[in-house]
Amino acid sequence: MMADRKLETALSAWGRADPLQGAGDEAALLRILQHADTLALSGPPLPGSVLSGSATAASSSHHPRRWLGSLSALAAALVILALAAPLIQKTMAPVFNDEVPTVLADADLDDGLVFALLYTPTNDEEYQL
Amino acid sequence: MAAMTPATPAGNRRAAQAEALLLQRSIDGDPRAFAALARMLARPALALGIRVLGDRALAEDAVQEALTRLWREARQFDPERGSFAAWWRRMLVNCALDGRRRLKPVAALDEAESIADPSPSAAGLAEAASLAARVQQATAVLPARQRAALALFYADGLSMAEIGEILETTEKAVEGLLTRGRAALKPQLAGLREELE
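Please read all numbers here as calculations on a predicted model, not as lab measurements.

Undergrad: What's the story with the overall build of chain B in this structure? I'm lost.
TA: Summing up its helical and strand segments, chain B has ten helices and zero strands in all. Of the contacts made within chain B by residues no fewer than 6 positions apart, 65% connect residues no fewer than 24 positions apart. In the structure as shown, chain B presents an accessible area of about 9,000 Å², 52% of it carried by carbon and sulfur atoms.

Now the structure itself:
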């Protein structure tokens, strides 16, 4: 069809034309290259390469060094936990100590005494007392 | 440059070898190699980004994002699973499509005219450039994946299979994207067709 051929012509012209002819295009390219330079200067992306040797794509999470690092971190965390355990128990102990009397549960108290035990006086009242 | 520009098979092979070498050196920690690779990739990448996104600022962001990903994931490239050119293009197109989804819906045609061609003096431009500018404006109404398929087909000269690899879809689906894209462009370019009579 005629119309289709014209459409093809237009699309081909679009494909051949260089879209980087605007005033800011070179500046944009320069910024992109500066970004690339910054990345490159930030150091190597990851140790090792899949391009050399057998070219098998070992993902970074499967790298033996990473596993070793993770295991070391886990072991260190366990050691710290073991060392800190007695300290944690000591800190927690008063909270769960059965010997601390629970006054209201065991005592046979009248309502007035219960109110006195539970009531928190205001600052003025405290001053007056 | 193998990654973005159609050329002779021998030229493509040489460029692909250069890119593989630069990528390898980048992974090994040579900052000049990555800078050189970026110099090879940047211009055609920005051109493709502009065709897909219709906006230079968005395209610039997409290229920077793609280069960052390239730097981060360079060692994941496996030459046995495909060419570097296809791998890089997929990275770039994904960044472009992701950026477009994040930022805004497809621009309307009247809005796109003000984006793509700020100067109304299109008559003064060369005929081909004018035609290209009109098509660029018209593609603004298309979904981003259709624009990407059209750009990869008409600008980068890729086959359906290659486009399918980049867009992570089948050849049949690429054919559908191109057909729907052309069909949607026809009414947008109606005036242009009369112009060309």
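Still to come is the rest of the account.
Undergrad: Help me out: how do you make sense of the side chain of glutamine 146 of chain B in this one?
TA: By the secondary structure assignment, glutamine 146 of chain B is in helix α7 (residues 144–155). Excluding residues that lie within four positions of it along the chain, glutamine 146 of chain B makes contacts with Leu177, Arg180 and Gly181 of chain B.

Undergrad: For this particular structure, what's the right way to read the nonpolar core?
TA: Across soluble globular proteins, nonpolar side chains have a tendency to be buried as a group. By size, the foremost hydrophobic cluster in this structure holds 69 residues, and its most contacted members are Leu46, Leu67, Leu70, Phe84 and Trp88 of chain B. Residue contributions to this core peak at 13 residues, all from helix α2 (residues 31–53) of chain B. Those residues in contact with leucine 67 of chain B that lie beyond four places of it in its chain are Ile32, His35, Ala36 and Leu39 of chain A together with Phe34, Ala38 and Trp88 of chain B.

Undergrad: How should a nonpolar patch on the surface be read in this particular structure?
TA: Judged by side-chain polarity, Leu74, Leu78 and Leu81 of chain A come together as a nonpolar surface patch covering roughly 320 Å² of accessible area. Along the polypeptide, leucine 74 of chain A turns up in helix α3 (residues 64–96).

Undergrad: Looking at this model, I keep getting lost on the packing of α7 of chain B against helix α9 (residues 171–188) of chain B. Mind explaining?
TA: The description of two helices packed together rests on the angle between their axes and the distance between the axes. All names here are of chain B. Their axes nearest at 9 Å, the elements α7 and α9 cross at an angle of 100°. Between α7 and α9, the crossing angle belongs to the class labelled roughly perpendicular. Taking contact as the criterion, the partners of Arg145, Gln146, Ala149, Leu150, Phe153 and Tyr154 in α7 are, on α9, Leu177, Leu178, Arg180, Gly181, Arg182 and Leu185. Here the residues of the contact of α7 with α9 sort into seven nonpolar, two polar and three charged.

Undergrad: What should I look at first to understand the packing of α2 of chain B against helix α3 (residues 56–73) of chain B in this one?
TA: All names here are of chain B. With their axes 8 Å apart at the nearest point, α2 and α3 run at an angle of 140° to one another. On the basis of the axis angle, α2 is oblique to α3. Considering only the axes of α2 and α3, their crossing is right-handed. Each of Phe34, Leu37, Ala38, Leu41, Ala45, Leu46, Gly49, Ile50 and Leu53 in α2 lies in contact with α3, whose residues at this interface are Arg56, Leu58, Ala59, Glu60, Ala62, Val63, Leu67, Leu70 and Trp71. Residue composition of the contact of α2 with α3, by class: 15 nonpolar, one polar and two charged.

Undergrad: How do you make sense of the packing of aromatic side chains when you look at a structure like this?
TA: All names here are of chain B. What the rule picks out here adds up to five aromatic pairs over all chains. An angle of 85° between the planes, with centres 5.8 Å apart, marks the rings of phenylalanine 77 and phenylalanine 84 as edge-to-face. An aromatic cluster of three or more residues is present, and its members are Phe77, Phe84 and Trp87.

Definitions and cut-offs
- Residues numbered from 1 in each chain as written.
- Chains lettered and ligands numbered in written order.
- Predicted model: local features only at pLDDT ≥ 70, side-chain atom pairs only at ≥ 80, totals over all residues.
- Heavy atoms only, no water.
- Helix = DSSP H or I, 4+ residues; strand = E, 2+ residues; numbered from the N terminus.
- Contact = heavy atoms within 4.5 Å.
- Areas by Shrake-Rupley, 256 points an atom, 1.4 Å probe, with all protein chains shown as cover.
- Core = buried A, V, L, I, M, F, W, Y, C linked by side-chain atoms within 4.5 Å.
- Buried < 20%, exposed > 50% of the residue type's maximum accessible area, 1.4 Å probe, protein only.
- Patch = residues over 30% accessible without salt bridge, like charges linked within 9 Å, V, L, I, M, F, W, Y side chains within 5 Å.
- Salt bridge = Lys/Arg side-chain N within 4 Å of Asp/Glu carboxyl O.
- Axes fitted to C-alpha atoms, helices over the stretch in contact; angles between N-to-C directions.
- Parallel < 35°, antiparallel > 145°, perpendicular 65-115°, else oblique.
- Nonpolar A, V, L, I, M, F, W, Y, C, P; charged D, E, K, R; others polar.
- Left-handed = near helix turned anticlockwise from the far one by under 90°.
- Phe/Tyr/Trp six-rings, centres within 6.5 Å; stacked < 30°, edge-to-face > 60°.

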